[in-house]
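Listed here are the chains, written in short residue letters.
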Amino acid sequence: QVQLVESGGGPVQAGGSLRLSCAASGRSFRRYAMGWFRQAPGKERDFVAAIGPNGGSIDYADSVKGRFAISRGDNSVTLQMNSLKPEDTAVYYCAGDHTGLVHTTAPWYSFWGQGTQVTVSS
């Protein structure tokens, strides 16, 4: 079991930056691939970024490539978000994939945090 708690969301103006963190507890964390997803009101939960257990495999949604960067430490995962746009506004979720493989769809992920709101104003 892995418990995930996100932090770092909030309001920001377009063009600004935010750094989201996901604190993980549980002995299995290091074997998990970790991902970030986001969900805007009335929309489905969309893939943002994912990173493999050793950090060697990383994938990004096309919409965030070049602007967002995912990284991980011993007990955390971070999403650095730069050049934010109003369309990045959503609740951002951290998730864990016990297969250890980098997947881009939500059903692969077994463990989820409670989410953190990011609001980008124009």
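Residues numbered from 1 in each chain as written. Predicted model: local features only at pLDDT ≥ 70, side-chain atom pairs only at ≥ 80, totals over all residues. Heavy atoms only, no water.

Undergrad: How do you make sense of the pattern of salt bridges when you look at a structure like this?
TA: Close approach of charged atoms lets side chains of opposite charge pair. Using the criterion set out here, one finds three salt bridges in the structure. Notably, a salt bridge pairs K65 with D62, separated by 3.2 Å at the nearest N-O pair. Between D88 and R67 there is a salt bridge; the shortest N-O distance is 2.8 Å. Of the two residues, D88 sits in the loop between strand 8 (76-81) and strand 9 (90-97) while R67 sits in the loop between strand 6 (58-60) and strand 7 (68-72), which places them 21 residues apart along the sequence. Residues participating in the shared-partner salt-bridge network are R38, R67 and D88. (Salt bridge = Lys/Arg side-chain N within 4 Å of Asp/Glu carboxyl O. Helix = DSSP H or I, 4+ residues; strand = E, 2+ residues; numbered from the N terminus.)

Undergrad: Would you take a moment to explain the nonpolar core for this structure?
TA: Nonpolar side chains in soluble globular proteins tend to be buried together. W36, L79, M81 and Y92 are the most contacted members of the largest nonpolar core, which has 33 residues in total. Looking at this core, the elements that each hand over two or more residues are strand 3 (18-25), strand 4 (33-39), strand 5 (45-51), strand 7, strand 8, strand 9 and strand 11 (116-121). Among the elements that take part in this core, strand 5 stands out by supplying five residues, more than any other. The contacts of Y92, once residues within four sequence positions are left out, are E6, L20, W36, F37, R38, V48, F68, L79, M81, G115, T116 and V118. (Core = buried A, V, L, I, M, F, W, Y, C linked by side-chain atoms within 4.5 Å. Buried < 20%, exposed > 50% of the residue type's maximum accessible area, 1.4 Å probe, protein only. Contact = heavy atoms within 4.5 Å.)

Undergrad: What should I look at first to understand the state of the cysteines in this one?
TA: What we call a disulfide is simply a covalent bond connecting the sulfur atoms of a pair of cysteines. Throughout the structure, instances matching the rule amount to one disulfide. In this model C22 forms its disulfide with C94; the gap between the sulfur atoms is 2.1 Å. An S-S torsion of about -80 degrees defines the bridge between C22 and C94 as left-handed. Of the two residues, C22 is situated in strand 3 and C94 in strand 9; the sequence distance between them amounts to 72 residues. Pair check on accessibility: C22 and C94 agree, each one buried. (Disulfide = S-S within 2.5 Å.)

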